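Observations on the three-dimensional arrangement
If you want the building blocks of each chain, they are given just below.
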Amino acid sequence: TTRKQFKSCKLRVFTLANRADQLDQQQRQMATLLAKFRIDYSDVIAIPDVTKKAEPSTKAEFEALIAGCSISEAELSREREKTNRHLRLAELLRHYSSESEMVVMTLPLPKRGQTSSALFMAWLDIMTRDLPPILLTRGNQEPVLTFYT
């Protein structure tokens, strides 16, 4: 909010729901966390169905993207679930954030020695394609938020 470009922007927070029956609980937990840190937000939305199969059009777009890359069929089948998750995230990003000023998202982590750089970059490309500027953040798997109750 200190920059003129983003001063009037609203912060919408999206979290991926693990189970559809816990949507309300996850929304309340995230809202409570944001309130504890005095982060002003307009909406907190828990999104279900992230593990649902990606649309055929998104799969076709991904296939066209990786055509000619050095990604083996064995790797694609081994990483099928992760690939589907990233394709589904791409669909959700396009649905919810295509008209945003900026998107901040956690960078997906590949498994070292298991995911090739070509496949990882294809995941990032499909998720960030045709969207406003995206800031991908990555932590070191250490908790950094502390608060006193």
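Scroll up a little and you will see the structure.
Residues numbered from 1 in each chain as written. Predicted model: local features only at pLDDT ≥ 70, side-chain atom pairs only at ≥ 80, totals over all residues. Heavy atoms only, no water.

When its secondary structure is counted, the protein shows five helices and four strands. Across the protein, helices and strands are ordered from the amino to the carboxyl terminus as β-α-β-α-α-α-β-α-β. Its C-alpha atoms give the protein principal-axis dimensions of roughly 50 × 35 × 30 Å. Counting the 149 residues in the protein, one finds 29% classified as buried. Long-range pairs, those at least 24 residues apart, make up 77% of the contacts in the protein between residues at least 6 apart in sequence. Carbon and sulfur atoms make up 51% of the accessible area of the protein, which totals about 10,600 Å². Charge-centre separation for the protein: the mean point of 22 positive side chains lies 6 Å from the mean point of 18 negative side chains. (Helix = DSSP H or I, 4+ residues; strand = E, 2+ residues; numbered from the N terminus. Buried < 20%, exposed > 50% of the residue type's maximum accessible area, 1.4 Å probe, protein only. Contact = heavy atoms within 4.5 Å. Areas by Shrake-Rupley, 256 points an atom, 1.4 Å probe, with all protein chains shown as cover. Lys, Arg positive; Asp, Glu negative; His and termini not counted. Charge placed at Lys NZ, Arg CZ, Asp CG, Glu CD.)

All right, on to the pattern of salt bridges then. Applying the stated criterion across every chain, the model contains four salt bridges. Glu-91 is the salt-bridge partner of Arg-88, the closest N and O atoms lying 3.1 Å from each other. Taken together, the residues Arg-88 and Glu-91, both in helix H4 (residues 80-97) and three residues apart, mark about one turn of the helix. Of the charged contacts, one joins Asp-125 and Arg-129 as a salt bridge, the two residues approaching to 3.2 Å between their closest N and O atoms. Of the residues examined, Arg-129 reaches a relative accessible area of 25% and is grouped as partly exposed. Residues joined in a network through salt bridges with shared partners are Glu-61, Arg-94, Asp-125 and Arg-129. (Salt bridge = Lys/Arg side-chain N within 4 Å of Asp/Glu carboxyl O.)

Here we come to a nonpolar patch on the surface. A contiguous nonpolar patch, built from Met-102, Val-104 and Leu-135 and spanning about 270 Å² of accessible area, is present on the exposed surface. Mapped onto the secondary structure, Val-104 falls in strand E3 (residues 103-106). (Patch = residues over 30% accessible without salt bridge, like charges linked within 9 Å, V, L, I, M, F, W, Y side chains within 5 Å.)

Turning to the packing of helix H2 (residues 56-66) against helix H5 (residues 117-128), a few remarks are in order. Look at H2 against H5: their axes get within 10 Å of each other, and the N-to-C directions meet at 135°. It follows that H2 is oblique to H5 by the angle criterion. For H2 against H5, the interelement crossing comes out right-handed. Only Leu-119, Ala-122, Trp-123, Asp-125 and Ile-126 of H5 make contact with H2, whose side of the interface consists of Glu-61, Phe-62, Leu-65 and Ile-66. Residues that form the contact of H2 with H5 fall into these classes: seven nonpolar, no polar and two charged. (Axes fitted to C-alpha atoms, helices over the stretch in contact; angles between N-to-C directions. Parallel < 35°, antiparallel > 145°, perpendicular 65-115°, else oblique. Left-handed = near helix turned anticlockwise from the far one by under 90°. Nonpolar A, V, L, I, M, F, W, Y, C, P; charged D, E, K, R; others polar.)

Judged by which residues are buried, strand E1 (residues 12-16) turns out to be one-sided: Val-13 and Thr-15 face inward and are buried, whereas Arg-12, Phe-14 and Leu-16, on the alternate face, are not. Relative to strand E2 (residues 43-47), E1 runs parallel, the two being bridged by five bridges. The partner of Arg-12 across the bridge, within E2, is Asp-43. (Pairing = 2+ DSSP bridges.)

Residue placement: Thr-58 occurs in helix H2. Discounting residues that sit within four places of it in the chain, Thr-58 has contacts with Leu-87 and Glu-91.

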